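# Structural overview for review
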Amino acid sequence: MELTADETKSEDMKSDETGDISENLPAETTDKPTSPISQNICKRCSVRVIYNHDSTIQIKENFEKQCKQSGNSPDSFNLLSDDTSTLTSELRSRPENTCYLCAGILQDSTILSLLDRCKELLSEYECVGSVGVTCSNVDLLNVRSYLCGVGRINLQIKTVFKWLMAAEVARFLGVPQVVNNASKADDQDLMVNIEIRIDNDEFMWMCRPPVNWDVYNYSQGKFKSARLEDALSRSKHEEIEKYKKLPGGAIQFSVAIAANTTYVGGRYTKNARDMSQTPWLKQDGILISGNVEDILCKPLQKAFKADEARMHSAGREDIDVRMLGSGRPYYVQLTNVRKFPTQAMLDELQVEINLNSPKVKCYKLTPVTKSQTELVKLGQEEKQKEYRCIIKTEDRVTDEMIQKLNSVENLDLVQKTPIRVLHRRSPLTRTKRIIKINARALTREEVEVACKHDVDLVESLNNRLVVAEVVSEAGTYIKEFVHGDFNRTVPNVGTILGTRCDMLQLDVVNLSMLWPPEKVELKENVCQET
Amino acid sequence: MLTLEDLRDINVQQGKLLDRYYNVRHVADAGKVEGNDQTVAQHHNGLCVIMIHPSHPICSKTVQNVDFKISVNCDRSEIVLSGKKKRGAQFVNPNSKLCNVTCTDGTSYILYCGVRGKLLEVNDNLKSSPQLIAQRCDSDGYIAIIQPKKEEEKTVLKDLLTEEDFIRHRQIRASNKHELDDIMESDSKRLCQS
Ligand SMILES: [Zn+2]
């Protein structure tokens, strides 16, 4: 999308918007730029020049106030505070001259045409909670003030331009204006990125100082800033006059809207032993239907019209392991959404997801920021995990044997990288800690259920099935702690009990980690009707 | 809390670890030494665990020593690996020597690698407790872990014997020596145990 700065202007007509402002110059601020600022300077550039030595003008509100005051005519249009909707057509019909300091960039007609284009692009998005504006550098234009004999202007064109656009875009979307700079661009829902280019050779020439000034490196296209002020202050008046006449149609704008990556946090439980976290190919090459990632991501991707949705969780459990209790912390990363998540929408989605998914459930869905998602990655390493294992022993267990398990407290394991994962992980020997075990043999009744009331089986397995709740340091391979992994994890349940052990069933029953953060600054989204 | 409901879908009859996660193949008469039978268990992830076969003569003997120093210049237990790619591993072939097992009765057996690949690990416990190789031949008494090349993962087992092939081989071997009855007997014993 391209626009020219003065496409709404007719040639060579003077308007009341750009006029002689020298009468407004306060005496005390005229000491440095004594050269004439007489005509064809827009309202905003006037303020930039007049209050050049007043550092408070760098604050948006102060600039705004001065612009208002310096507006001569009562109907003088002030974008920074008035309602634009009624004034647009009037302004369109009102011709302006091109300001020779900002080349029209800060003039109302430019801002309004750009705004129209932004609105068109923004109409694709719903429920935007916050917006930021960026703008490319316009160094060549910043030097115009020297060429025109005004000297250095501290308040840059780019700064004012961003104030104007950000205010208008925010008002259009009905969201709070972003205070100050775009340093937290990541935390905005949307970014309006505007590129300003000079596409006119004649104009380019008009922006460049003469070669004999020796302030511009023509091959690199850069100013030798150290020399600038000195050289420009010696420039002759005739030359200055030349630079004040600008050809029209020289400034080009491109507008691009980008949605920042959006994050939704939550916890999930999995109540099945045939459900993997990501799409899973069985040995025979058949894709197992359904996986945690799809169940949790697809509805969000659809609802928020995202190009992509990816799940990140604090660790993961194997396909045959259930995730119970308060669930596993995770977040979904949504790329290029067209609709931004609100708490209310997420509450509804949570209900919908859980209705359609008997095996996987999600809880506490809430919008989170990028920086908050770091907690999930950190939590993976730090936290304790609580497992419940059903163990089958080779010999029958006695109370004394069980007692050995139950007396375990802060037991350090030496664990070699399990064979199960050794193909893709480094071969290492790690020390991991079992914090506590609470075990008992299954009751006769429980054994009967587990054996589906097969009398012979019950007889064979009575006192050979043990349930153990194990609290371990995160990162402990718990399956290997139970079966020993060919004695590559020592001690293991087998060595403690003194009989070979195998794991029949494993559940993660608790994962102690605060997530999503309790004190989420809830985004006050206003859903815009467009 | 554990509920009865949690126990309903449990499979108490699941097979042994080896049967669940591994494909098991055998090498009969390794190094052309009769009875020197070995087992290769390939995990579903491709890694191969090298063991002796439960019918190996060693299993009924007392083991004195398991020596991984197979020549003056080569010690299989000298393993220096780095990173996920396991750089620095010894590369071995099916017929590469792996270790030498000496029994108290004076007999000794050379065991072989059985498959091509990187030698990731030998069972260091065998140095201090050599008897493990006999007593726990299909678990804690494993000998080594070998990682086949990625492109050979699917084919490293193809020249090895399945359980049926192995039994047939032993029957032929036994009938040649008129020992069929003995073998059958020991087989049925083994089946009863498992
Ligand atoms: Zn201007």
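Residues numbered from 1 in each chain as written. Chains lettered and ligands numbered in written order. Predicted model: local features only at pLDDT ≥ 70, side-chain atom pairs only at ≥ 80, totals over all residues. Heavy atoms only, no water.

## Brief notes about the pattern of salt bridges
Spelled out, the test is: Salt bridge, as used here, is a side-chain nitrogen of Lys or Arg placed within 4 Å of a carboxyl oxygen of Asp or Glu. In this text, helices come from DSSP runs of H or I with a minimum length of four residues, and strands from runs of E with a minimum of two, each type numbered from the N-terminal end. Each residue's exposure class comes from its accessible area (1.4 Å probe, protein chains only) as a fraction of the maximum for that residue type: buried when under 20%, exposed when over 50%, partly exposed otherwise.
Within the structure shown, the criterion is met by 42 salt bridges over all chains. For Arg20 of chain B, the salt bridge is made with Asp502 of chain A, and the minimal N-O distance between the two is 2.3 Å. Within this pair, whereas Arg20 of chain B is found in helix α2 (residues 17-21), its partner Asp502 of chain A is found in strand β16 (residues 501-511), the two belonging to separate chains. Note on accessibility: Arg20 of chain B and Asp502 of chain A belong to one class, buried. Residues joined in a network through salt bridges with shared partners are Arg273, Arg322, Arg388 and Asp507 of chain A together with Asp6 and Asp9 of chain B.

## Observations concerning a positive patch on the surface
Note the following rule: A residue counts toward a patch only above 30% relative accessible area and without a salt bridge, and it is joined to like-charged neighbours within 9 Å or, for Val, Leu, Ile, Met, Phe, Trp and Tyr, to nonpolar neighbours within 5 Å. The Shrake-Rupley method, run with a 1.4 Å probe, gives the accessible areas here. Residue values count only the displayed protein chains as cover. For the purpose of charge, His is not counted, nor are the chain termini; Lys and Arg are scored as positive and Asp and Glu as negative. Charge positions are represented by NZ for Lys, CZ for Arg, CG for Asp and CD for Glu.
Residues Arg316, Arg424 and Arg425 of chain A together with Lys84 of chain B make up a contiguous surface patch of positive charge. Mapping Arg424 of chain A onto the fold places it in the loop between α15 (419-422) and β13 (429-441). Accessibility expressed as a relative area gives 43% for Arg424 of chain A, which makes it partly exposed.

## Digging into the coordination of the zinc ion
All names here are of chain A. Formally: The rule for donors is simple: N, O or S, within 2.8 Å of the metal, or within 3.2 Å if the metal is Na, K or Ca. Water isn't counted, so a site may look like it is missing partners.
Within the protein, Cys42 (SG), Cys45 (SG), Cys99 (SG) and Cys102 (SG) serve as the donor atoms for the zinc ion, at 2.2 to 2.3 Å. Each donor residue of the zinc ion lies on the same chain, and together they follow the pattern C-x2-C-x53-C-x2-C. Just as Cys99 is buried, Cys102 falls in that class too.

## Comments concerning the interface of chain B and chain A
The line we're drawing: What makes two residues a contact is simply this: any of their non-hydrogen atoms within 4.5 Å. The buried area of a pairing is the accessible area, by a 1.4 Å probe, that goes missing from both parts when the two are put together, added over both. Distance and chemistry together define a polar contact, namely a pair of N or O atoms within 3.5 Å, with one atom able to donate a hydrogen and the other to accept it when in protein, and with adjacent residues in sequence counting only for side-chain atoms on both sides. Put simply, Ala, Val, Leu, Ile, Met, Phe, Trp, Tyr, Cys and Pro go in the nonpolar bin, Asp, Glu, Lys and Arg in the charged bin, and everything else, Gly too, in the polar bin.
Contacts between the two partners involve 38 residues from chain B, matched on the other side by 39 residues from chain A. Interface area lost by chain B to chain A is led by Leu2, Ile10 and Val12 of chain B, which between them contribute 19%. On inspection of chain B and its partner chain A, the count reaches six salt bridges. With a shortest N-O distance of 2.7 Å, Arg488 of chain A and Glu121 of chain B are connected by a salt bridge. Viewed at the interface, chain A and chain B are joined by 20 residue pairs in polar contact (both at pLDDT 80 or more). Ranked by residue count, the leading element in the side of chain B that touches chain A is α2 of chain B, at four residues. Partitioned by chemical class, the residues of the side of chain B that touches chain A number 17 nonpolar, 11 polar and 10 charged.

## So, the nonpolar core
Soluble, globular proteins show a tendency: their nonpolar side chains are buried together. In plain terms, the rule: Buried Ala, Val, Leu, Ile, Met, Phe, Trp, Tyr and Cys residues form a nonpolar core when they are joined through side-chain atoms within 4.5 Å.
Counting 116 residues, the largest nonpolar core has Leu101, Ile105, Leu106, Phe161, Met165 and Val192 of chain A as the members making the most contacts within it. Of the residues forming this core, the biggest block, 10 residues, is contributed by helix α7 (residues 157-173) of chain A. Not counting chain neighbours up to four residues away, the residues in contact with Leu101 of chain A comprise Ile41, Cys45, Arg48, Val49, Leu141, Arg144, Ser145, Cys148, Val150, Ile153 and Ile157 of chain A. Grouped together as the second largest cluster of nonpolar side chains are 30 residues, Val40, Val66, Leu126 and Ile133 of chain B included.

## A short note on the packing of aromatic side chains
Rules: Here is the rule: rings of Phe, Tyr and Trp (six-membered ring for Trp) pair when centre to centre is within 6.5 Å. Planes less than 30 degrees apart are stacked, more than 60 are edge-to-face, and the remainder are tilted.
Here the structure, examined in full by the defined rule, presents seven aromatic pairs over all chains. Ring centres 5.5 Å apart and planes at 50 degrees place the aromatic pair Phe63 of chain A and Trp163 of chain A in the tilted group. Pair noted here: Phe63 of chain A is in helix α2 (residues 60-70) and Trp163 of chain A is in helix α7, with a separation of 100 residues, a long-range link. A relative accessible area of 0% means that Phe63 of chain A is categorised as buried. An aromatic cluster of three or more residues is present, and its members are Phe486 of chain A together with Tyr22 and Tyr142 of chain B.

## A short note on the side chain of Glu153 of chain B
Residue placement: Glu153 of chain B occurs in the loop between β9 (144-147) and α5 (163-176). Here Glu153 of chain B falls in the buried class, since its relative accessible area comes to 16%.

As far as function goes, none of this settles anything; it's purely spatial.
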